[in-house]
Amino acid sequence: MLIYQGKSVYGGIAIGKIKIWKKANSIIKCYHVKDADKEFSRFLEAKSKAINQLTELRKQAIEKVGSESAAIFEIHAMMLEDADFLDSIENVIRNQHYNSEYAVSLCCESFVAMFSSMDDSYMKERAADVKDISERLINILNGVSFKSDEEESNLIMVAEDFSPSETLQLDKNKILAFVTAKGSLNSHTAILARMMNIPAIIGVDLCSNGLSDGKLAVVDGYSGTIYVDPDEGFLKKMQQKADEDVAKHNLLKFYKGKETITIDGKKINLYANIGNIKDIANVIDNDAEGIGLFRSEFIFLEKNTFPSEEEQFAIYKNAVETMSGKKVIIRTLDIGADKKVDYFGLKHEENPAMGLRAIRLCLKQPHIFKTQLRALMRASVYGNLSIMYPMITSVDEIKQIKDIIKETAEELKTSNIPYSIPEQGIMIETPASVMISDILAKEVSFFSIGTNDLSQYTLAIDRQNEDVDDFFNPYHEAVMRMIELTIKNGHKAGIWVGICGELASDVALTKRFLQMGIDELSVSPAAVFPIRKTVRETKL
Ligand code: PEP
Ligand code: MG
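As a starting point, this report considers the structure included with it. Keep in mind the model is a prediction, meaning the values are calculated, not measured.

Definitions and limits used
- Residues numbered from 1 in each chain as written.
- Chains lettered and ligands numbered in written order.
- Predicted model: local features only at pLDDT ≥ 70, side-chain atom pairs only at ≥ 80, totals over all residues.
- Heavy atoms only, no water.
- Helix = DSSP H or I, 4+ residues; strand = E, 2+ residues; numbered from the N terminus.
- Rg over C-alpha atoms; globule rule 2.2 N^0.38 Å.
- Buried < 20%, exposed > 50% of the residue type's maximum accessible area, 1.4 Å probe, protein only.
- Contact = heavy atoms within 4.5 Å.
- Areas by Shrake-Rupley, 256 points an atom, 1.4 Å probe, with all protein chains shown as cover.
- Lys, Arg positive; Asp, Glu negative; His and termini not counted.
- Charge placed at Lys NZ, Arg CZ, Asp CG, Glu CD.
- Donors = N, O, S within 2.8 Å, 3.2 Å for Na, K, Ca; no water.
- Near = heavy atom within 4 Å.
- Polar contact = N/O pair within 3.5 Å; in protein donor to acceptor, adjacent residues only side chain to side chain.
- Nonpolar A, V, L, I, M, F, W, Y, C, P; charged D, E, K, R; others polar.
- Disulfide = S-S within 2.5 Å.
- Core = buried A, V, L, I, M, F, W, Y, C linked by side-chain atoms within 4.5 Å.
- Pairing = 2+ DSSP bridges.
- Axes fitted to C-alpha atoms, helices over the stretch in contact; angles between N-to-C directions.
- Expected span 1.5 Å × (residues − 1).

Take the overall build of the chain next. Per the secondary structure count, the chain includes 20 helices and 16 strands. Over its C-alpha atoms the chain spans a radius of gyration of 24 Å, differing by no more than 12% from the 24 Å that the globule rule assigns to 540 residues. In terms of overall dimensions, the chain has a C-alpha envelope of 75 × 70 × 45 Å along the principal axes. In the chain, which comprises 540 residues, the share counted as buried stands at 52%. Taking the intrachain contacts of the chain between residues at least 6 apart in sequence as the baseline, contacts between residues at least 24 apart amount to 70%. Approximately 24400 Å² of the chain is accessible, and the part contributed by carbon and sulfur atoms is 52%. Taking the 65 positively charged and 78 negatively charged side chains of the chain as two groups, their mean positions are separated by 4 Å.

What follows deals with the coordination of the magnesium ion (ligand 2). For the magnesium ion (ligand 2), the full set of protein donor atoms is E429 (OE) and D453 (OD), at a range of 2.0 to 2.1 Å. Linking E429 in the loop between β13 (423-428) and α15 (431-435) with D453 in helix α17 (residues 451-459), this pair joins segments that are 24 residues apart in sequence. Accessibility expressed as a relative area gives 3% for D453, which makes it buried.

Bringing the site of ligand 1 into the picture now. Taken together, 16 residues form the shell around ligand 1, and within it R295, R331, G450, N452 and R463 come nearest. Interatomic distance of 2.8 Å between a side-chain N/O atom of R331 and an oxygen atom of ligand 1. In the model, an oxygen atom of ligand 1 is placed 2.9 Å from a nitrogen or oxygen of the D453 side chain. Notes on ligand 1: free accessible area 290 Å², of which the protein chains cover 100%. Those elements that provide at least two residues to the shell around ligand 1 are α7 (188-196), β10 (290-295) and α17. With three residues, α17 is the largest single contributor of residues to the shell around ligand 1. Broken down by class, the residue content of the shell around ligand 1 amounts to four nonpolar, five polar and seven charged.

With that settled, consider the state of the cysteines. Applying the stated criterion across every chain yields a total of zero disulfides. Not engaged in a disulfide, the cysteine C108 finds its nearest cysteine sulfur in C107; these two sulfurs lie 8.8 Å apart. Among the cysteines around C500, which has no disulfide bond, C362 carries the closest sulfur, lying 16 Å off.

Glancing now at unusual backbone geometry. Of note, the phi angle at S324 is positive, near 25°, even though the residue is not glycine. With respect to the helices, strands and loops of the structure, S324 is situated in the loop between α11 (309-322) and β11 (327-331). With a relative accessible area of 60%, S324 lands in the exposed category. Unusually for a residue other than glycine, A337 sits at a positive phi of about 55°. The buried category is assigned to A337, whose relative accessible area is 10%.

Below, the discussion takes up the nonpolar core. Formed by 83 residues in total, the largest nonpolar core has its most connected members in Y389, F513 and L521. Here F513 is in contact with M480, I483, I499, L503, A504, I518 and L521, once residues within four sequence places are set aside. Ranked by size, the runner-up nonpolar core spans 30 residues in total, among them A36, L86, Y98 and I133.

The mixed open sheet is built from eight strands, whose spatial order is β1-β8-β7-β3-β4-β5-β6-β2. Looking along the sheet, the strands with just one partner apiece sit at the ends: β1 (2-5) and β2 (7-10). Each adjacent strand pair in this sheet contributes to an overall mean axis angle of 30°, direction not counted. Alignment of β2 against strand β6 (residues 200-202), held across three bridges, turns out to be antiparallel. Its bridge partner being in β6, S8 is matched across the sheet by I201. Set on the sheet, helix α8 (residues 232-252) makes contact with β3 (13-20), β7 (216-220) and β8 (225-228); between it and β3 the angle comes to about 115°.

What follows is about helix α4 (residues 100-116). When the terminal C-alpha atoms of α4 are compared, their 24 Å separation across 17 residues agrees well with the 24 Å that a helix rising 1.5 Å per residue should span. When α4 is considered as a whole, its buried residues turn out to be S100, E101, A103, V104, S105, C107, C108, F111, V112 and F115.

Here it is in structure tokens:
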């Protein structure tokens, strides 16, 4: 048995097979080919592989979710046989002598533009399908593919590092744990592992060759250890530990349906954080009372181009409808820093965490912001939606946002599109916003404290740099005082104050936050029961 030590990001025991993650090549290669016949055959081979994948996915989906939901795979397979689509790809390969990947991406762009401009909403939606089949073809041509057979489930994903968008691409149903060489305790990848409720370890030395594809391994997320080729006795012991975890979790289900209230009657709202519409099942399963942070930028990270207003509207509407009347706080685009997507064309920055990110980017590129606001204001007609703005540092930013909201509302009204103006709040995640929280509180309906960035900016500790993890003290008095001041100033102005950063999930801090007067905590779904238990056992 080989043993590797790293740092724990999230606890839990996982027993499965190692899968080494190979980076998807998101840059589409563009070059000229001499032999167009040969290149076209390469394309046809990729096409038939794509159809085989879709047939397999359809079979699996029929078993798991029924034939209605599986129909999409049949539609995709049919689209791959569409004569117009195939002719245009063949044309680019034969007449312009471009490689298949580039030909697919060119034709994808023009078909997407064509479908998007159609009036019929059914046809408009086909644009997303064209992108999907094109991505599948390009991945196959690039040699990136996930086998969908049984062997490929129960995986322990091992990688140098995962970017937030790569983490999102992984099929969560097949993954039991994450192990990486790089990454820091507060990175978004770590946050995602916590959100998925699976053990995760960072800082493992991957240079030694013991960690290879297909080997049986045990991940102990509590101690940050990975054991490769475990013997039978050890395996049995760890299986027992894993079973105990399940039993403990089942005991916590006692708190399902119970109020989040202290012994002496202080009630708080206990919400959950999500990054994806699929996470809502987890929110409901763990009995969160609402969604306190929907990181909407993850919708953008999962795509190769800007999500349209219709696409966003469908997601937000789905979220509020699924939560049926419970609060859903959607944070506007917080792109930038570690959350990057090529299609934004952002410049390289020396200090991206302090750069053109979040609300700054939205105010500089109001058309992107407006598309999102239109979708949010339309979706808010269908449920209890609130909007939250990230990275606020000044009152002027709020004034600019208010002007854009006003303009957007007028446009929707003129076009006779149903909308409403939802409750709006801001994230308090910069020291500047803490220091002027008395003034900001008069402008908005709520504060949600983002302790991840607030700690980063207050303590001058880059959350992406694993080398300074040891200097990070989540309980630093400076951060605690900032939280306290924000709550005090929020309450003075009569607004509610919550925490949606990772500290909200830390049971060791729950009593302190309650004493400060916190009104809401938004935590990873798996933390809902432990926090509710702690609140119910607390006497202030
Ligand atoms: C935070 O900064 O605490 C937060 C919740 O936002 P994010 O982690 O997405 O930056
Ligand atoms: Mg933040």
